[in-house]
Protein chains: 2
Amino acid sequence: MQKGLLVVISGASGTGKGTVCKKLLAESEKIFYSISATTRQPRAGETDGVEYFFVTVEEFKNWIAEDKFLEYAEVYGNFYGTPIHKIEERLNRGEDVLLEIDIQGALNVMKKRPDGVYIFLLPPSLEELKNRIKGRGSESPETFERRFQSATNEIATGKKYQYVVVNDTVDAAVEKIKSILAAERCKVNRNENLFEKLLGDVI
Amino acid sequence: MQKGLLVVISGASGTGKGTVCKKLLAESEKIFYSISATTRQPRAGETDGVEYFFVTVEEFKNWIAEDKFLEYAEVYGNFYGTPIHKIEERLNRGEDVLLEIDIQGALNVMKKRPDGVYIFLLPPSLEELKNRIKGRGSESPETFERRFQSATNEIATGKKYQYVVVNDTVDAAVEKIKSILAAERCKVNRNENLFEKLLGDVI
């Protein structure tokens, strides 16, 4: 049986990454969202094991010591990490796992898992990116400038990914991602067993 | 504008390569079949410029001397070659070009054009391959054995391609190939201009 795909999707802020991932998960039967662990407090409506695994700083540090994270980072005093155990379980069952993580995390995962599928979402245009950042309530021109500069820096990092998908419409972006996953399943190096099955009796 | 894809499809004899390519061409608007040149005589019903460009041995050798072939080979005393001129024209217009060529030819093209998309078709099973070879009228057990051995040798070469597609049904195989082409268009190295467009004014 073919192993599942480790799918990493990132994008600059304001590219609509969350919406695209939600639709992809809703429309695909064998792809599952990797739930991150965090030490930050749950917000209203968040449930342990759904949005995040909420753990104490001590637990998190134990997991780090036990090498239980594919990647982790500290952001504004809180830890966030991708537990590896459940991911391997699913991949070995032939299920795909979706990691919706930030660029720094993705670059770290790339080093550890060159067999992953790395997809970067782009906004359709700079104008659209500006509008989306404005829509997120960047009140002062300074805040806007800072966020916009940060987003364009992030976009430049996208060149380190394998695939780039323009999020002009959510539907089109999700279709493209589905094509990428279908194509990756056809990669020769993911189909060693197919050749063995066909040639095993012969060569 | 993005350049078109150079798509190379090969497969062992008896994998239904011709049928798959025909359906792909019929269903896709911007992919075109690269017409080979040959020195063999046209068969009944074949038209110059449709199935092949029929040329004299002298013309063919001139084209070789002028480096006008992406690849060429001599098979049973006849020359077959892939003229490069029309291919480049189409690729530069953003159109995809399909090369349905044999494995040796494909391996030669790979060296020259690492930016191509190399797809290898596999039969669904050894049983099915045997049936298809029998169906082609391999009368004697010796002929069958020879063809079958040759087909399995060809299949082993498939590992040198990028993608492998099992031709269990023609429809499913064509869908997979379409996904591969869509995914290839999302490859970061085919989208330099996208980053330039987004970042050109900024960085």
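Residues numbered from 1 in each chain as written. Chains lettered and ligands numbered in written order. Predicted model: local features only at pLDDT ≥ 70, side-chain atom pairs only at ≥ 80, totals over all residues. Heavy atoms only, no water.

So what's going on with the pattern of salt bridges? Residues and values would help.
Per the stated rule, a full pass over the model turns up 36 salt bridges over all chains. The partner of Glu-192 of chain B in a salt bridge is Lys-159 of chain A, with the nearest N and O atoms 4.0 Å apart. Taken together, the residues span two chains, with Glu-192 of chain B in helix H8 (residues 192-199) and Lys-159 of chain A in the loop between helix H6 (141-157) and strand E9 (163-166). Looking at Glu-192 of chain B, the relative accessible area reads 39%, which means it is partly exposed. The class for Lys-159 of chain A is partly exposed, based on a relative accessible area of 41%. Across the pair Lys-23 of chain B and Glu-27 of chain B runs a salt bridge, and its minimum N-O distance is 2.8 Å. Here Lys-23 of chain B pairs with Glu-27 of chain B, and both are found in helix H1 (residues 17-27), just 4 residues apart, close to one helical turn. For Glu-27 of chain B, a relative accessible area of 37% translates into the label partly exposed. Put simply, Lys-23, Glu-27, Asp-171, Glu-175 and Lys-178 of chain A are held in one network by salt bridges that share partners. (Salt bridge = Lys/Arg side-chain N within 4 Å of Asp/Glu carboxyl O. Helix = DSSP H or I, 4+ residues; strand = E, 2+ residues; numbered from the N terminus. Buried < 20%, exposed > 50% of the residue type's maximum accessible area, 1.4 Å probe, protein only.)

Which residues make up the packing of aromatic side chains, and what values go with them?
On inspection of all chains with the given rule, the structure shows 18 aromatic pairs over all chains. Measuring from centroid to centroid gives 5.9 Å for Tyr-52 of chain A and Phe-54 of chain A, while their planes differ by 55°, and the two rings are tilted. Seen from their ring centres, Trp-63 of chain B and Phe-69 of chain B are 5.7 Å apart, and the 45° between their planes marks the pair as tilted. Residue Trp-63 of chain B is classed as partly exposed on the basis of its relative accessible area of 23%. The rings of Phe-60, Trp-63, Phe-69, Tyr-72 and Phe-79 of chain A are connected pair by pair, giving a single aromatic cluster. (Phe/Tyr/Trp six-rings, centres within 6.5 Å; stacked < 30°, edge-to-face > 60°.)

I'd love a proper account of the nonpolar core, names of residues and values included.
Core analysis: the largest hydrophobic core is formed by 40 residues, its most contacted members being Ile-9 and Ile-119 of chain A together with Ile-9 and Ile-119 of chain B. Among residues more than four places away in sequence, those in contact with Ile-119 of chain A are Val-7, Val-8, Ile-9, Ser-10, Tyr-161, Tyr-163, Val-165, Ile-177 and Ile-180 of chain A. (Core = buried A, V, L, I, M, F, W, Y, C linked by side-chain atoms within 4.5 Å. Contact = heavy atoms within 4.5 Å.)

Talk me through the relation of the copies chain A and chain B; I want residue IDs and the actual numbers.
With an axial shift of 0.0 Å and an RMSD of 0.0 Å, the rotation relating chain A to chain B amounts to 180°. In the structure described here, the two chain copies are related by an operation that fits a two-fold rotation axis. Closest approach to the rotation axis among the C-alpha atoms of chain A is made by Ser-179 of chain A, whose C-alpha sits 2.2 Å away. Counting the interface residues of chain A, we find that 100% of their copies in chain B are interface residues as well, pointing to one common contact surface. (Least-squares fit on C-alpha atoms with pLDDT ≥ 70 in both.)

Residues and numbers for the sheet that holds strand E2 (residues 31-33) of chain A, please.
By way of backbone hydrogen bonds, the strands of a sheet pair with one another, either parallel or antiparallel. Residue and element names in this part refer to chain A. If you trace the 5 strands from one edge of the open sheet to the other, you get E2-E7-E1-E8-E9, paired in parallel fashion. Two strands lie at the open edges of the sheet, namely E2 and E9, each paired on one side alone. Here the average twist between neighbouring strands, direction ignored, is 30°. Contacting strand E1 (6-11), E2 and strand E7 (96-100), helix H3 (residues 85-92) crosses the sheet at an angle of about 145° to E7. Sitting on the sheet, helix H4 (residues 103-112) is in contact with E1, E7 and strand E8 (117-122), with an inclination near 150° to E1. (Pairing = 2+ DSSP bridges. Axes fitted to C-alpha atoms, helices over the stretch in contact; angles between N-to-C directions.)

Go over H4 of chain A, please, and point to the residues and values.
Residues of H4 of chain A that are buried: Ile-103, Gly-105, Ala-106, Leu-107, Val-109 and Met-110 of chain A. Looking at the packing, one finds that the buried side of H4 of chain A touches E1, strand E5 (69-75), E7, E8 and H6 of chain A.

Describe in detail the environment of Thr-15 of chain A, supporting the description with residues and values.
Residue and element names in this part refer to chain A. Checked against the element boundaries, Thr-15 lands in the loop between E1 and helix H1 (17-27). In this structure, the C-alpha to C-alpha distance between Thr-15 and Leu-122, residues 107 residues apart in sequence, is 5.9 Å. Thr-15 has contacts with Leu-121, Leu-122, Pro-123, Arg-132 and Asn-167, leaving out every residue within four places of it along the chain. Of note is the side chain of Thr-15, whose polar atom sits 2.4 Å from the backbone oxygen of Ala-12. (Polar contact = N/O pair within 3.5 Å; in protein donor to acceptor, adjacent residues only side chain to side chain.)

Lay out the packing of helix H5 (residues 126-135) of chain B against helix H6 (residues 141-157) of chain B in plain terms, naming residues and giving numbers.
Helix packing for two helices is described by the angle between their axes and how far apart those axes are. Residues and elements named next belong to chain B. Closest axis-to-axis distance for the H5/H6 pair is 10 Å, and the angle between their directions is 135°. As judged from the angle between their axes, H5 and H6 are oblique. Of the two elements, H5 crosses H6, and the hand of that crossing is right-handed. On H6, the residues that touch Leu-126, Leu-129, Lys-130, Ile-133 and Lys-134 of H5 are Phe-144, Arg-147, Phe-148, Ala-151, Thr-152 and Ile-155. Looking at the contact of H5 with H6, its residues break down into 7 nonpolar, 1 polar and 3 charged. (Parallel < 35°, antiparallel > 145°, perpendicular 65-115°, else oblique. Left-handed = near helix turned anticlockwise from the far one by under 90°. Nonpolar A, V, L, I, M, F, W, Y, C, P; charged D, E, K, R; others polar.)

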